[in-house]
Amino acid sequence: MSSLLEIEDLRVTFNTRYGEVTALDSVSLQVNEGETLGVVGESGCGKSITALSVMGLIPMPPGRVAGGAIRLNGEDLTQASERRMQALRGGEMAMIFQEPMTSLNPVFTVGAQIAEAIMLHQNVDRSQAMRRAVALLDRVGIPSPDQRARDYPHQLSGGMRQRVMIAMAVSCRPKVLIADEPTTALDVTVQAQIFDLLNEIQREYGSAIILITHDMGAISEMADRVAVMYAGRVIEEARADDVLDFPQHPYARGLISCIPALGKRDGGATDMLAEIPGVVPPLHLLGAGCAFADRCAARAPRCELEKPHLFAHGHHPVACHAVEEGRL
Amino acid sequence: MLSKATAKQAEFQAESPALEAWRMFRRNIPALIGVVMLSVIILATLYGTFFYAGDPFDIVWAPQEPPGMTPEFPLGTDYLGRDIIAGLLTGGGPTLAVGSAAAAITMGIGITMGALAGYYGGWIDNLLMRITEFFQVLPALLFAMVLVTLFSPSLLTIAMAIGLVSWPQTARLTRAEFLKIKQLEYVTAARAIGARNRRIIWKVILPNALPPLIVSATLTVGVAILFEAGLSFLGLGDPNVMSWGRMIGANRDILDAWWPVTFPGLAIFFTVFSVSLIGDGLNDAFNPKLRER
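Residues numbered from 1 in each chain as written. Chains lettered and ligands numbered in written order. Predicted model: local features only at pLDDT ≥ 70, side-chain atom pairs only at ≥ 80, totals over all residues.

Asks: Looking at this model, I keep getting lost on the overall build of chain A. Mind explaining?
Replies: The helix and strand inventory of chain A stands at 12 helices and 10 strands. In summary, chain A has a C-alpha radius of gyration of 21 Å against a globular reference of 20 Å for 328 residues, a match within 12%. In terms of its C-alpha atoms, chain A occupies a principal-axis envelope of roughly 65 × 55 × 40 Å. Burial statistics for chain A: of 328 residues in total, 46% are counted as buried. Long-range contacts, defined as pairs at least 24 residues apart, comprise 64% of the intrachain contacts of chain A with a sequence gap of at least 6. (Helix = DSSP H or I, 4+ residues; strand = E, 2+ residues; numbered from the N terminus. Rg over C-alpha atoms; globule rule 2.2 N^0.38 Å. Buried ≥ 20, exposed ≤ 12 C-beta atoms within 10 Å, placed from the backbone. Contact = placed C-beta atoms within 7 Å.)

This is the structure in structure tokens:
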């Protein structure tokens, strides 16, 4: 059975002053109807680029899809015309952005903005669209929606604005909903509410959700499957509980051990927060070997020379020489 | 306590950016003075002739009658014996019309060029900006004189000539705003819901770029009025129409009579001054950093 959305061997490059750098390198992901795929990794790992590639929103130039395919219901989006993409964006697939503070247009009321999104894809007049917008605001849990519809974005709190963004994104019942760190800018309590809302919407509309985050807590709450990304590659992919309980790649292990545990304190002294030493290397400095090698405790000479590829492991696919050789 | 909170919320509601700007503008005394002044001037040029009839081209009295000497002609007459008040009242209309039409043309060309250049970037930006620079390096007054002489002076050609020489400023301002705003997340968000380029340019970015453009438009009206006065002064005004600049130009050789040039000069001064006051007021009203005051 083929998936609703399939990313196959996607390669995206950017022209920078360091020359052409590869932002995404043979990334393959797939997500099915009603399923949530979590994409995790540090900043600069290519999570957002993956999302923007699917939406066809990579600035070109300097960006370029250098290879691979993105298939939505079998249709290759990398070959689709801009016209076709405009019809798909907001219709078949929608995106929720990280910063609800800045992703709404400040000079229009939120109701008008949602109505706009509806009218772009459906043949309805403005007053019908406005009524639909109010209904959507109600659906995403905004109290007194007919009044809030007349509010401007700056009059709403961050959580409310993110609900508005979600209302706008789901206004045409998209098959694929991409949430790019939807709760990073919000309070923890509001985060939980937003996740609940996304789960509800998924149940109701049967959308596939791609949740991009660096919050492992969000992953455990939301995701069915997880792809761990590092330096533009997928390095581990599995069911969510599998990755959380049995991370294989040293990087994934590091990410999981970085989750601070409340009230878990073995010794008398305060536990130090775990961290992964170093940072994601700049893309233009990637060598021939494993991108994680410099930060890896299980580094071997082979890691410096040869890029590891995803291989079927006991639990799930991992891209690591050390795991493959059983050293880890 | 609860009622206080709801009252505060009610006050918080329905405050559109335009409304908020208006609230700020209202508190700005100089800007209000500007509005009153400009309203008086516009009303006088529109309806003044109902109360004070007279053809500005008619020779009605002895030439160079000083003001206050004859009750029928309180501001005196010019070098041909034409009534100065009649000139002021009828000359204001064309002056203001040319000023605002020229400003409209300036904004129209400037915003279009700047918006396309800033939004699309790349070779389109390069091409449009080279065109803009070409117009910018031409000496404005000389170029306008050439245009007006080429296409026989009339109010329309004068307005078009002024518009054609003054749009580069607006184009650059618009381009700068577009370059800044197109980076913002709500523009990407608009693309993500399937909006097309045309919609993003005119419906998403332009409304957000408007505040500085509105200010620049009011200032352009002032500059255009001065420009028209300058052209008329040089004898390139519409020969069939009285305007303030023309009055000054016609009487410029008569050095021993101060009044035929002073009164139209004051009229121009007060018009441009009031427009500038309004422009400054709008600038402050739209500037969020000054909102807190």
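Asks: Help me understand the interface of chain B and chain A in this model?
Replies: It is common to report an interface's size as the accessible area lost on association of the parts. Listed as interface residues are 19 residues of chain B and, on the opposing side, 26 residues of chain A. Broken down by secondary-structure element, the contributors of at least two residues to the side of chain B that touches chain A are helix H8 (185–192) and helix H9 (197–233) of chain B. The dominant element in the side of chain B that touches chain A, judged by the number of residues it contributes, is H8 of chain B, at 6 residues. Class assignment for the residues of the side of chain B that touches chain A results in 11 nonpolar, 5 polar and 3 charged. (Nonpolar A, V, L, I, M, F, W, Y, C, P; charged D, E, K, R; others polar.)

Asks: Is there a simple way to think about the packing of helix H7 (residues 155–181) of chain B against H9 of chain B in this case?
Replies: A packed helix pair is summarised by two numbers, namely the angle formed by the two axes and the spacing between the axes. Residue and element names in this part refer to chain B. Contact pair H7 / H9: the axes reach a minimum separation of 9 Å and the direction vectors enclose 155°. By the angle between their directions, the pair H7 and H9 is classed as roughly antiparallel. For the element pair H7 and H9, the recorded crossing hand is right-handed. Side by side, H7 and H9 meet where Ile158, Ile162, Ser166, Thr170, Leu173, Thr174, Glu177, Phe178 and Ile181 of the first sit next to Ile205, Asn208, Ala209, Pro212, Leu213, Ser216, Thr220, Val223, Ala224, Phe227, Glu228 and Leu231 of the second. (Axes fitted to C-alpha atoms, helices over the stretch in contact; angles between N-to-C directions. Parallel < 35°, antiparallel > 145°, perpendicular 65-115°, else oblique. Left-handed = near helix turned anticlockwise from the far one by under 90°.)

Asks: Can you help me understand the pairing of strand E6 (residues 93–96) of chain A in this one?
Replies: Regular strands have side chains that alternate between both faces of the sheet. All names here are of chain A. Burial along E6 is two-sided: Met93 and Met95 facing one way and Ala94 and Ile96 facing the other are all buried. Here E6 pairs with strand E7 (residues 176–180) via 4 bridges, running parallel. Across the sheet, the residue bridging to Ile96 is Ala179, located in E7. (Pairing = 2+ DSSP bridges.)

Asks: How do you make sense of unusual backbone geometry when you look at a structure like this?
Replies: Of all residues except glycine, most have a negative phi; of all peptide bonds, most are trans. Residues and elements named next belong to chain A. Of note, Asp9 is a non-glycine position whose phi angle comes to about 50°, a positive value. Within the secondary structure, Asp9 sits in strand E1 (residues 5–16). Here Asp9 falls in the exposed class, since 12 other C-beta atoms lie within 10 Å of it. The phi angle at Arg173 is positive, at roughly 50°, despite the residue not being glycine. You can see Arg173 is positioned in the loop between helix H6 (158–169) and E7.

Asks: Please explain the sheet that holds strand E4 (residues 63–72) of chain A as it appears in this structure.
Replies: Strand pairing in a sheet is mediated by backbone hydrogen bonds. Such pairs are either parallel or antiparallel. Residues and elements named next belong to chain A. One open sheet accounts for 4 strands, arranged E2-E1-E4-E5; its pairing is antiparallel. The strands lining the two open edges of the sheet, one partner per strand, are strand E2 (19–31) and strand E5 (75–76). Looking at chain direction, E1 and E4 are connected through 8 bridges and run antiparallel. Paired with Glu6 across the strands is Arg71, a residue of E4. Along the sheet, helix H1 (residues 47–55) contacts E1, E2 and E4; its crossing angle with E2, the most-contacted strand, is approximately 75°.

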